[in-house]
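Overview (structure and organization)
Spelled out from the first residue to the last, the chains are:
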Amino acid sequence: MCGIIGYTGTKKASEIMLDALELLEYRGYDSAGIALSDEAGRGTRITKCAGRVKDLRALCEKEDVSGCCGIGHTRWATHGGVCDENAHPHRFGKVTVIHNGIIENYRQLIEKYELDGKLLSQTDSEVVAAVLSRFYEGDPYSAIRKTVLKLKGTFALAIMFDDIPGKIFAVRNVSPIVAANTEDGAILSSDVAAIVPFTTQYFVVPEFHVVCLSRDGIEMYDLSGDKAYIEWLTVDWDVSRSDKGGYPYYMEKEIMEQPQVIKDTILPRIKDGKPDLSAEGIEDSMLAECQRICVIACGTAMHAGLVGKSLIQAMIGIHVDVVMASEFMYNDPVVDDKTLVIAISQSGETIDTLEALKFARKCGSPSISIVNVKGASIARASEHVIYTNAGPEIAVASTKAYTTQLAVLYLLTARMAIARGLWDEAQTQSYMSELLRVPEVMEEVLSAKEEIHHIADTILNAKDVFMIGRGLDYSILLEGSLKLKEVSYIHSEAYASGELKHGTIALITEETPVIAVVTQDKLKSKELSNIKEVQSRGAKVILLIKGDEVLEQEKIWSRIFRLPVMADEFMVMPASVVLQLIAYYVSLDKGLDVDKPRNLAKVVTVE
Ligand code: AGP
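Residues numbered from 1 in each chain as written. Predicted model: local features only at pLDDT ≥ 70, side-chain atom pairs only at ≥ 80, totals over all residues. Heavy atoms only, no water.

Surveying the vicinity of the ligand reveals 15 residues, the closest of which are S345, Q346, S347, T350 and E486. At 2.6 Å, a backbone N or O of Q346 approaches an oxygen atom of the ligand. Between K483 and the ligand, the recorded distance is 2.8 Å, taken from a side-chain N or O atom to an oxygen atom. Out of a free accessible area of 410 Å², the ligand has 90% covered by protein chains. Its atoms largely coinciding with the cavity grid, the ligand occupies the largest pocket. Secondary structure elements with two or more residues in the shell around the ligand: α9 (299-315) and α16 (472-488). The residue makeup of the shell around the ligand includes at least three contributed by each of domain 2 (242-446) and domain 3 (449-589). (Near = heavy atom within 4 Å. Polar contact = N/O pair within 3.5 Å; in protein donor to acceptor, adjacent residues only side chain to side chain. Areas by Shrake-Rupley, 256 points an atom, 1.4 Å probe, with all protein chains shown as cover. 1 Å grid on protein atoms, 1.4 Å probe; cavity = no way out; pocket = protein on both sides within 12 Å on 5 of 7 lines; lining within 4 Å. Sits in = over half its atoms within 2 Å of the grid points. Helix = DSSP H or I, 4+ residues; strand = E, 2+ residues; numbered from the N terminus. Domains from an automatic or database assignment.)

Okay, structure coming up:
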């Protein structure tokens, strides 16, 4: 959470930083600010305010924001409310700081260094500036080292010292920082989205290493002061993929990209018609020997895990647990060397998932992560990583990351079936040819987006929306419901349709739209009965059903969308796209900020 940027070079730093903060705004958008280091010896100047980057931009037009070196921040409030004082950067003495993360022991630090009454904000971040200032006697490395050793919690810090103009220092624990050389200097950021306009070569700053950016480039030292080796990475997605590409919102663009990114994710991993994970170093023995699987993830990624559970249990016949990473530690987790742990995360930085993964590894569990962002913490913390080649996902609501996570789970399930000798050639071929059809089937759904838009109109003014289905249909409705909640602010609940009659059906009235998904042959008759139950209570039913389904009963829907037909286990793909588009159009037509829903942030690095 929170986006950080730092630039030093020969260009106007404020312009570079404001543009970058707009790209990083999806990480947090309560307030924004920049600090400029002044080579003319005027000290560091800060411009900041509560509000969006556009408000900061307007403020910058009125203030002196000259200078070629600066740090900038876009905030997702944790400690302290949303107000100008709590916006970053924070300054104490000669030190100016921006921070992403949470300092858990900030109260103790306030007491230890007698800071009560000396701070201007309620943030934990200003405390870091104050402690740094206490230790700073002209040697930035020594001050940073001493400060970092006092901090408990997570942090990505970018720091400037008044008397070292033109230089930016940075250090991190858990919260990410990437850095790169530009043609005239250097840049750092919370993620590569802000670096892509300058270069495709970057590196992830390792934890507890101090980087120093200057016009001459970047130096890096470990905490004992030894120079450290920089491991360079290359951005391997098309740079044009990080703009809106003519769509009004990233969410629509990212929904529309799905056929392509599914291809990008599966095609490099299919050899001779079979799934192949050898480039990821995943040996068949690992997939054959595990006795159970534990998926850890949050939000949308956890919903992808639920689909994976159904696939693996049905096709492999081993037990799969899907655990919300935030709850993992509180349930006395039972994982061991026979439990394959699969961590799923778009950002690769979700701290709950990261901590759960680290715990499982300590218990001896083999691990695979499914991550979108290259080099992210979860990718580095797991034994193997399968990257979803979705490219940058900027909208806070996850869409293409989810379906590429599903695509990886399809591949993994197939490889596991082969590794365990469960499938013959014919089974493998029929499964893989269906997987290869997913992009074209998604195209078919996307080409019907105006029809889906009309369906979305029917829930525009709803107060509550229920979504019902069984099995795989229920799993994707959990995701469809999350999507609708987060971008439209309509209360919505996904319910296993058989469970509805045990209480929740009391909430169904004539005012309640119910979205029902029916894609699984073996569950169809039961699902249709459940639809009748809500219909007879007056609910208006929006039915998503396979295109070739013949409905013999009387009309049970108000609206119907017929999905392109695939094998049952793949129907989640087209159905998910419809649910994404419904959420998108409701948000759009309500005039909401689709890409930046209230209270949310794209990357969740707080527990
Ligand atoms: C989905 O639309 C949400 N933005 C959210 O649930 C997200 O999936 C969750 O925070 C997990 O993020 P991750 O995939 O980056 O770990």
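Counted by the stated rule, this structure contains 13 aromatic pairs. Ring geometry for Y410 versus F570: centroids 4.5 Å apart, planes at 15°, classification stacked. Placement of Y410 in helix α13 (residues 400-419) and of F570 in the loop between β26 (559-563) and α18 (572-589) is noted, with a sequence separation of 160 residues between them. Relative accessible area serves as the criterion here: at 0%, Y410 is assigned to the buried category. Here a set of aromatic residues connected by ring pairs shows up, and it is made of Y136, Y141, F161, F169 and Y221. Between the NZ or CZ atom of K374 and the centre of the ring of Y387, over which it lies, the distance is 5.3 Å. Across from the ring centre of Y489, 3.8 Å away, lies the NZ or CZ of R598, which sits over that ring. (Phe/Tyr/Trp six-rings, centres within 6.5 Å; stacked < 30°, edge-to-face > 60°. Buried < 20%, exposed > 50% of the residue type's maximum accessible area, 1.4 Å probe, protein only. Lys NZ or Arg CZ within 6 Å of the ring centre and 35° of its normal.)

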